[in-house]
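This is what each chain is made of:
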Amino acid sequence: MTNKTTHALELHDVTKRHGAGDTAVTALDRVSLSIPHGTFTAVMGPSGSGKSTLLHCAAGLDRPDSGSVVLDGYELTDADETALTRLRRERMGFVFQSFNLVPTLTVAQNVALPLEFAGRRVDEREVRGLLSRLGLGDRLDHRPAELSGGQQQRVAIARAMLSRPAVVFADEPTGALDTQAARDVLHILREAVDASGQTIVMVTHDPVAGAYADAVVFFSDGRIVDSMTRPDPASVAARMARLSAPVRPSGHAPPSAVRPSGHVPSSAVRQSGQAPSSSVRTSGHAPSAPAPQNGRARHGGDGR
Ligand SMILES: Nc1ncnc2c1ncn2[C@@H]1O[C@H](COP(=O)(O)OP(=O)(O)OP(=O)(O)O)[C@@H](O)[C@H]1O
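Naming follows an unreviewed UniProt entry, where the protein chain appears as ABC transport system ATP-binding protein of Nonomuraea roseoviolacea subsp. carminata.

This is the structure:
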């Protein structure tokens with residue numbers, strides 16, 4: 001294991017099948033993806049396209065059948081369960097749709113929990129400071145049930161970020177929130193990337209959420225079929241609509257977003273002046289994501 005890398009996360013030719021025999025499903029089909037440190041990447045695609053499987057393999061929760069996953073320079077595919085648990089505690093943060101807070105613990109205790117599990121010292125001032133920055137400074141001693149959904153998700157984000165992990169994996173982080181709470185959470189995630197250089201990989205169905213990212217990677221049938229840099233909600237929604245459209249009868253042209261592996265989508269072509277090292281690279285695709293832009297304010301389309 002080494003940890004010298006320009007990328008926070010790299011997947012090389014990752015294939016993952018679920019089930020066996022006639023009922024086997026190829027959830028990931030030779031997926032390659034490189035995500036630079038300090039970038040925000042959204043993973044989108046129709047239901048069943050492989051997004052959760054990708055997240056699970058990237059976080060070492062599931063083992064690929066072939067290929068390799070390198071997180072912050074550490075090869076996960078060779079690691080035993082003990083090493084994987086340690087890597088998850090020390091180098092990854094998780095944010096789930098359903099918050100997953102411990103109901104009997106206070107807000108501050110929930111945030112400190114992963115560090116305590118990892119046997120690391122908890123700086124209570126840091127916990128208080130982080131929660132204050134997320135607008136929860138007056139909620140430290142509350143239990144999760146005493147908070148709104150948006151507040152609970154902000155606690156979960158604080159918990160994920162306290163240890164300054166190499167990557168925060170967010171699985172539908174706004175899926176259970178109303179519009180305003182969702183925007184607050186997305187602003188917080190964006191700010192964590194812009195101000196602190198956090199790397200975030202977020203699975204979402206929501207084009208508005210996807211447009212907060214630096215790059216959107218689109219999945220279909222276990223493959224990356226397209227990517228988009230500087231996404232806006234309308235373009236992401238249009239691309240998703242094409243991916244979700246029913247397959248046309250033979251003789252018709254295929255949906256334009258679904259292209260054979262190896263195609264270089266026009267939206268993913270790196271613009272001149274962008275450094276390759278700061279780009280998301282996908283299998284057979286040109287590098288795509290721009291470096292994170294501090295103070296980026298480009299979410300005008302939906303009134304954010
Ligand atoms: N444990 C499993 N056993 C068998 N098949 C599975 C299993 N987990 C996922 N699959 C199948 O693998 C494929 C990819 O599933 P996955 O959950 O990764 O998709 P997804 O894009 O996250 O879907 P959704 O958006 O609905 O959550 C699907 O066809 C799914 O039915």
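We are not done yet, so read on.
Novice: Quick one: what's the story with the overall build of the protein chain, residue by residue and with numbers?
Specialist: Along its length, the protein chain carries eight helices and eleven strands. In the protein chain, which comprises 304 residues, the share counted as buried stands at 45%. The long-range fraction of contacts in the protein chain, counting pairs at least 24 apart against all pairs at least 6 apart in sequence, stands at 67%.

Novice: Can you tell me about the confidence of the model for the protein chain, naming the residues and giving the values?
Specialist: On average, residues of the protein chain score 84 in pLDDT, and 79% of them reach the 70 mark or higher. Counted against residues more than four places away or in other chains, residues 284-304, with its pLDDT under 50, gives 56 contacts. Of the two predicted TM-score estimates for the complex, the pTM is 0.83 and the ipTM is 0.97.

Novice: Please provide a residue-by-residue account of the site of the ligand, values included.
Specialist: Around the ligand sit His18, Gly19, Val25, Ala27, Gly45, Ser47, Gly48, Ser49, Gly50, Lys51, Ser52 and Thr53, and those are all the residues in its vicinity. Every element with two or more residues in the shell around the ligand is listed here: β2 (25-36) and α1 (51-58). Of the residues belonging to the shell around the ligand, the class tally is two nonpolar, nine polar and one charged.

Novice: Residue-level account of helix α6 (residues 179-196), with values.
Specialist: Taking 1.5 Å per residue, 18 residues should reach 26 Å; α6 reaches 25 Å between its end C-alpha atoms and fits that length. Listed in full, the buried residues belonging to α6 are Ala182, Arg183, Val185, Leu186, Leu189, Arg190, Ala192 and Val193. Contact partners of the buried residues in α6: β3 (40-44), α5 (149-161), β7 (167-171), β8 (200-203) and α7 (207-210). Backbone geometry just downstream of α6 places Gly197 in the positive-phi region, at approximately 70 degrees.

Novice: Could you give an account of the sheet that holds strand β10 (residues 223-229), with specific residues and numbers?
Specialist: A sheet is described by the order of its strands in space; here six strands give the open sequence β6-β7-β8-β3-β9-β10, paired in mixed fashion. Each of the sheet's edge strands pairs with one partner strand only, and the pair in question is β6 (92-96) and β10. Each adjacent strand pair in this sheet contributes to an overall mean axis angle of 20 degrees, direction not counted. The pairing of strand β9 (residues 215-220) with β10 spans six bridges and is classified as antiparallel. Bridging from a neighbouring strand, Phe219 pairs with Ile224 of β10.

Novice: Hey, could you go over the pairing of strand β4 (residues 66-71) for me, with residue numbers and the actual values?
Specialist: Relative to β4, strand β1 (residues 7-18) is paired through five bridges, and the arrangement is antiparallel. Bridging from a neighbouring strand, Thr15 pairs with Ser66 of β4. Here two bridges tie β4 to strand β5 (residues 74-75), and the two strands are oriented antiparallel to one another. From the neighbouring strand, Leu71 faces β5, where its bridge partner is Tyr74. Linkage of β4 to β5, two consecutive antiparallel strands, is achieved through a turn of two residues, within which Asp72 is found at a positive phi near 50 degrees.

Novice: Go over the environment of Leu33, please, and point to the residues and values.
Specialist: As for its placement among the helices and strands, Leu33 is situated in strand β2. For Leu33, a count of 24 C-beta atoms within 10 Å translates into the label buried. Along the backbone, Leu33 and Ile224 are 191 residues apart, and their C-alpha atoms lie at a distance of 8.7 Å.

Novice: Before we move on, can you summarise the environment of Pro165 with the specific residues and values?
Specialist: Of note, Pro165 is situated in the loop between α5 and β7. With 23 C-beta atoms packed within 10 Å, Pro165 lands in the buried category. In this structure the C-alpha to C-alpha distance between Pro165 and Gly93, which are 72 residues apart in sequence, comes to 5.9 Å. Non-local contacts of Pro165, meaning those with residues more than four positions away in its chain, are made with Arg91, Met92 and Gly93.

Procedures and definitions
- Residues numbered from 1 in each chain as written.
- Predicted model: local features only at pLDDT ≥ 70, side-chain atom pairs only at ≥ 80, totals over all residues.
- Helix = DSSP H or I, 4+ residues; strand = E, 2+ residues; numbered from the N terminus.
- Buried ≥ 20, exposed ≤ 12 C-beta atoms within 10 Å, placed from the backbone.
- Contact = placed C-beta atoms within 7 Å.
- pLDDT = per-residue confidence, 0-100.
- Near = placed C-beta within 6 Å.
- Nonpolar A, V, L, I, M, F, W, Y, C, P; charged D, E, K, R; others polar.
- Expected span 1.5 Å × (residues − 1).
- Pairing = 2+ DSSP bridges.
- Axes fitted to C-alpha atoms, helices over the stretch in contact; angles between N-to-C directions.

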